[in-house]
Structures are given as structure tokens and as C-alpha cells.
Amino acid sequence: MAPVPPLLLISLLCGLFALRCDGACAEVDSDTEAVAGKGFKIGCISCKRRSEVEGSATVEWYFRPDGESDFVHIYSYNENGPTIEHNFFEDRIDWNGSKRSNDIQDASIYVLNVTFNDSGTYRCFFYRTLTYDNYEYNDIIDKVVHLTVVAKATRGTASIVSEVMMYVSIIGLQLWLLIEMIYCYRKIAAAGEEALREAANAEYLAIASESKDNCAGVQVGE
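Residues numbered from 1 in each chain as written. Predicted model: local features only at pLDDT ≥ 70, side-chain atom pairs only at ≥ 80, totals over all residues. Heavy atoms only, no water.

Draft legend 1. Representation of the sheet that holds strand β5 (residues 81-84) in the model. Pairing is mixed across the open sheet formed by six strands, whose spatial order is β1-β9-β8-β3-β4-β5. Since the sheet does not close on itself, it has two edges, and those belong to β1 (33-35) and β5, each with one partner. Neighbour-to-neighbour, the strand axes of the sheet open up by a mean angle of 25°, direction not taken into account. Two strands pair when backbone bridges link them, and strand β4 (residues 72-78) and β5 are joined in this way by four bridges, in the antiparallel orientation. By the bridge assignment, Y77 is partnered in β5 with P82. (Pairing = 2+ DSSP bridges. Helix = DSSP H or I, 4+ residues; strand = E, 2+ residues; numbered from the N terminus. Axes fitted to C-alpha atoms, helices over the stretch in contact; angles between N-to-C directions.)

Draft legend 2. View of a nonpolar patch on the surface. A surface patch of nonpolar side chains, amounting to about 350 Å² of accessible area, comprises I171, L175, L178 and I182. Along the chain, I171 turns up in helix α2 (residues 157-221). (Patch = residues over 30% accessible without salt bridge, like charges linked within 9 Å, V, L, I, M, F, W, Y side chains within 5 Å. Areas by Shrake-Rupley, 256 points an atom, 1.4 Å probe, with all protein chains shown as cover. Salt bridge = Lys/Arg side-chain N within 4 Å of Asp/Glu carboxyl O.)

Draft legend 3. How the structure looks around the sheet that holds strand β7 (residues 109-111). Reading across from one edge, β2-β7-β6 is the order of the three strands in this open sheet, with antiparallel pairing throughout. What marks the edges here is a single partner per strand, and that holds for β2 (40-42) and β6 (93-95). Taking the axes of each pair of neighbouring strands and ignoring which way they run, one obtains an average angle of 30° across the sheet. Here three bridges tie β2 to β7, and the two strands are oriented antiparallel to one another. Bridging from a neighbouring strand, F40 pairs with V111 of β7.

Draft legend 4. The arrangement of unusual backbone geometry in detail. Phi at R100 is positive, roughly 60°, even though this residue is not glycine. With respect to the secondary-structure elements, R100 resides in the loop between β6 and β7.

Draft legend 5. Representation of the pairing of strand β9 (residues 136-150). Bridge count between β1 and β9: three bridges; the pairing is parallel. What sits directly across from A34, in β9, is V149. In sequence, strand β8 (residues 120-131) turns back onto β9 through a hairpin of four residues.

By themselves these figures say nothing about function.
As C-alpha cells, then:
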């Protein structure tokens, strides 16, 4: 049996990994520090516990500025599309979440031309309906993001930790692939050695049998 080329093995393993991850939903916390004058994505993700269950959702966003006690309704998204609900954010919010589906799991928004007055607390509400065979289940999910607007970008602890975890994940995946390659190579090599031993034994037995037959023929001739 010919050994499997390492590059082919890596490609197959990576393809399998990609298929397992395709379409997965991960609840990642939003960044919380925006730079004045630039755009900023406020993340809000709520994954369904059972992806095979059909569902639909609408989304509402609320905002409470720093120093204020009440939330104001600023944005909504449903089957009819997005609506900016407050004049303060007029022409400054774009939908950055799930597209081409009413089964919304990512309700992130993108705020254009961020100002210091955008600092405060944002609340994102999912109004979700899950459809089962005999009934529908309604649920409300609430996510909170505390946003700080700064004049110049700084690297926070969360950003550093996220980057470190990303590199750790990459290294871990590479080590896993290397271990799989070594295991497969040893298994294939062992199978090849066993096949060679069996072939050598068979050849030895064939030669011994032929020698025995030749000796028997000589004795009969005498």
C-alpha cells in the first residue's frame, strides 16, 4: 500500500474541519471601545440551541446615554427591513447582522461617524419564535453592551486576550494535524512492513517447498 502524501492528508483534515464548522453560530461578545469620528460595529448575537428547529425573530435596539436614567428606542429590524427609530441616529445606523433570512441570530449594527455622545449602554432584544410540529414557542433574549468612545484607539485587555487565544487556537490546530499525520504515517508504515514480512515468508516457503520437491525427484531418479 502506497503511503498517503502529507499534503493530501492535511487537505482532507482541513476540509473535514471546515465542514464541521460551516454554518455554526458562536456568541461572541461585542467590542466596547469606539473611536470618535470613525465607524463602529456593536455586536449582538443570540444562537439557537437547536439549529434544526425552524424559527424567526425581530430585533429592537435601545440606548441610554451616560448620565441618563432612561433608555430610548433607536432601531428595529423585522421582515420588512430596518427602521431608525430616533432622530439622533438618523442616517448613522446600518444593519450588520443576519441577511436574507427571518431566522435572525446576528443582530449587530454598525454606527457611522461615532461621537462622544454615543457613549453609554446599548440593549439588544431578540423576539424569537420557534416553530415545532404542534406548537410555537416565543422567547425574548436581552443583550447589553457598554460602549465607551475615545479620541484615539487603545488596546484593551480583552483585545490582547482575544489575540492570544486566536494564536493558541491556531497552534493547537497545527499540533493536532501534525499528530494525526504522524499517527497515520506510522500506521501505514507498520502495515507496509507487515506486508513485506508476509511476502518474504511466502517466498521462503515457496523456495523451501521447491527444494524439497527437487530432492524428492533426485531420489526417485536414483
